[in-house]
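Descriptive structure summary
Single-letter residue listing:
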Amino acid sequence: MTDELQNTSVTSNPASDAAWWTSAVVYQIYPRSFADSNGDGIGDIGGIRSHLDYLAELGVDVIWLSPIYPSPQHDNGYDIRDYENIDPVFGDLDQFDALLAEVHDRGMKLVMDLVVNHTSDEHPWFIESASSTDNPKRDWYWWRTPGANGTPPNAWVSAFSGPAWTMDATTGEYYLHLFAAQQPDLNWENPEVRQAVYAMMRSWLDRGVDGFRMDVINLIAKRIELIDGDERGEGLGFTMGPQIHDFMAEMHREVFAGREGNFLTVGEMPGVSVEEAALFTDPARKELDMVFQFEHVSLDSGESKFDPLERDLPALKKNLAKWQYGLAATGWNSLYLDNHDQPRLVSRFGNDAEFRYESATLWALVLHLQRGTPYVYQGEEIGMTNVRFGSIEDYRDIESINHYREAVDEFDRSPASVLEGVYARGRDNARTPMQWDDTEHAGFTAGTPWIAVNPNYPVLNVLADRKSHRSVFDFYQRLIELRHSDPVVALGDFELLEPDHPQLFAFTRQRDGVTLTVVANASDEPLSEALPPQLTAGDLVLSNYPVSDELVLRPWEARLYRTR
Ligand code: NOJ
């Protein structure tokens, strides 16, 4: 084992002290693509309400909703024009309240997406801010005078291609947008901005919601003055500015302190290190419960995410283990492979053709048996796959479309090669409609879906999966039950075995004299050698193949053993 992977033999909290979310599983809904109740082709609150029993049966504890606030939808709701309402495309506040009550009636919780690094350019705050240089809200956003020759103030680029600064003709100044030009960044250094956000968060908690998933929250603190050349400081200069911990602690105090209830806060943090994450999630510091880190989903990126590299299993295992060890003594992991920004895990890390069931369940076991809170993204629980649409016209995601245009028009790359990158990594892979059954449009809508359904829906859908004796849903259900019932799954100490093995993903969890062992052959070939007997000691708790005493794992075979 390498030094980097040394488990510093940490003992975790006793179960009685553990926070409720250590044994909870979160399900993410991307509302546009989940279920449409009114035939306009876009998923909505009514659609979510009609599938709550499905989620209760799966057994998840928390539902996280991607944004449903009023929005011009340039980035599917991550560009918000009104934080205190519901976009009519999804429903209204009465329907939201009904949804919340129905979620609570089923013993589940509801967590909202909080997008406060930026607003929409149609938010009244930005409209005021843009109106003149002496408007009282001018300083709520990042305005800068042009550089020499009218150029942007610095060389930062937007996550969606092109410069991160746009000139606004009204005042002749540039504003900062780390994402689309329609998503101007708020200036968190202005205390009025912070207080306005905290008041809005309190109003959602007063309404009864159970917490927040915080969009790119480490980007709110910027090193905006250290922007050029060598002065840029670490990273890109716009993540993790020096005030970030103060902002998080202040938010916690202003929004959650003294409030009764079991809340969940998870901060999405591109570029966060394990050392920083340990600070953010140290309960004593009262900042966040957990963060989403990006290292394990960046290992297969080449020059950009659209130039993918082959999966490197040892590197992936060691990276996940680094996070397990790094947050063992203090802090907590969130566990995910899929979400609305990532390609489908079975296509990316598994084999979505011959071994779809086996590889989907293998990664489920490997993920859910780690120490942390697992997140299931809609469709993951039936093994939904990536899609390959014929042309860029079929895609809807601003990131993929802008990337395609830039690569083809400005860098002269061939459309076919650029599309290959979109097939592998584009966010629309995760955003095709939920496949409920084999009727037209997969039972997602009676109208025309806003983005086409994956053509594999006649065979890959909830109904078919649940009828099958190889049901991915059933496997997730078992994993969720195990997290609820077994404190070793929730809290046991983690140890990675065989870090350099190119096929085998194996690890143990240990607590109070009980050892759980996961052995998983993450490849299309049988394991190259028999497993040593100590790895198969004890009772077989769960497996994705018919039970066998064979010590050579079959392709994508994954087993969980328990021994005392
Ligand atoms: C991260 C979100 O997950 C992504 O979907 C969005 O485009 C950006 N933040 C900007 O809000």
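Okay, so let's go over this structure.

About the cut-offs
Residues numbered from 1 in each chain as written. Predicted model: local features only at pLDDT ≥ 70, side-chain atom pairs only at ≥ 80, totals over all residues. Heavy atoms only, no water. Helix = DSSP H or I, 4+ residues; strand = E, 2+ residues; numbered from the N terminus. Rg over C-alpha atoms; globule rule 2.2 N^0.38 Å. Buried < 20%, exposed > 50% of the residue type's maximum accessible area, 1.4 Å probe, protein only. Contact = heavy atoms within 4.5 Å. Areas by Shrake-Rupley, 256 points an atom, 1.4 Å probe, with all protein chains shown as cover. Lys, Arg positive; Asp, Glu negative; His and termini not counted. Charge placed at Lys NZ, Arg CZ, Asp CG, Glu CD. Pairing = 2+ DSSP bridges. Near = heavy atom within 4 Å. Polar contact = N/O pair within 3.5 Å; in protein donor to acceptor, adjacent residues only side chain to side chain. Nonpolar A, V, L, I, M, F, W, Y, C, P; charged D, E, K, R; others polar. Axes fitted to C-alpha atoms, helices over the stretch in contact; angles between N-to-C directions. Parallel < 35°, antiparallel > 145°, perpendicular 65-115°, else oblique. Phe/Tyr/Trp six-rings, centres within 6.5 Å; stacked < 30°, edge-to-face > 60°. Core = buried A, V, L, I, M, F, W, Y, C linked by side-chain atoms within 4.5 Å.

**A word on the overall build of the protein chain**
Of the regular secondary structure elements, the protein chain holds 15 helices and 16 strands. The C-alpha atoms of the protein chain give a radius of gyration of 23 Å, which matches the 24 Å a tight globule of 564 residues would have. Out of the 564 residues in the protein chain, the part that is buried amounts to 61%. The contacts in the protein chain between residues at least 6 apart in sequence include a share of 69% that link residues at least 24 apart. Carbon and sulfur atoms make up 49% of the accessible area of the protein chain, which amounts to about 21,100 Å² in all. Between the averaged position of the 46 positive side-chain charges in the protein chain and that of its 90 negative side-chain charges there is a distance of 3 Å.

**Some words on the sheet that holds strand β4 (residues 143-144)**
Judged by pairing direction, the sheet is antiparallel, and its three strands sit side by side in the order β4-β6-β5 without closing on themselves. With partners counted over all chains shown, the strands left at the sheet margins are β4 and β5 (165-168), one partner each. When β5 meets strand β6 (residues 173-176), the two strands line up antiparallel, connected through four bridges. Bridged to D168 within β6 is E173.

**Description of the site of the ligand**
Residues in close proximity to the ligand total 13 residues, the closest being D75, H118, D215, H340 and D341. Within the side chain of R213, an N or O atom sits 3.0 Å from an oxygen atom of the ligand. Look at the ligand: alone it shows 300 Å² of surface, and the protein chains cover 97% of it. Taken together, the residues that form the shell around the ligand break down as four nonpolar, two polar and seven charged.

**As for the packing of helix α10 (residues 356-368) against helix α14 (residues 472-485)**
Viewed as axis vectors pointing N to C, α10 and α14 meet at an angle of 10°, and their least axial separation amounts to 10 Å. By the angle between their directions, the pair α10 and α14 is classed as roughly parallel. For the pair formed by α10 and α14, the contact residues are Y357, A360, T361, A364, L365 and H368 on the first element and V472, F475, Y476, L479 and R483 on the second. The residue makeup of the contact of α10 with α14, split by class, is eight nonpolar, two polar and one charged.

**What about the environment of R253?**
Note that R253 resides in helix α6 (residues 244-256). Along the chain, R253 and W450 lie 197 residues apart, while their C-alpha atoms are 41 Å from each other.

**Quick word on the pairing of strand β16 (residues 558-563)**
In this structure, strand β14 (residues 514-521) lies alongside β16, joined through six bridges in antiparallel fashion. In the sheet register, A520 faces β16, and the bridge partner there is A558. The sheet contact formed by strand β15 (residues 539-543) and β16 spans four bridges and is antiparallel. Residue pairing in the sheet places S543 in a bridge with R559 of β16.

**A short note on the packing of aromatic side chains**
This structure, assessed with the given rule, holds 28 aromatic pairs. Aromatic side chains F212 and F256 sit 6.4 Å apart centroid to centroid with 70° between the ring planes, which places their arrangement in the edge-to-face category. Highlighted residues: F212 in strand β7 (residues 211-214) and F256 in helix α6, separated in sequence by 44 residues. Note on W363 and F505: the rings are 6.1 Å apart at their centroids and 80° apart in plane angle, and the pair reads as edge-to-face. On the criterion of sequence distance, the pair formed by W363 in helix α10 and F505 in strand β13 (residues 504-511) is long-range, its members being 142 residues apart.

**Observations regarding the nonpolar core**
In this structure, Y27, F96, M201, W204, F212, M251 and W363 are the most contacted members of the largest nonpolar core, which totals 160 residues. With residues up to four places along the chain from it excluded, the contact list for M251 reads L114, W188, Y198, M201, M214, I217 and F256. With 15 residues, the next largest nonpolar core counts F160, W165, L178 and I224 among its residues.

**Topic: the pairing of strand β12 (residues 493-497)**
Relative to β13, β12 is paired through five bridges, and the arrangement is antiparallel. Bridge pairing in β13 links E495 to T508. The turn linking β12 back onto β13 is made up of six residues, and E498 within it adopts a positive phi angle of 50°.

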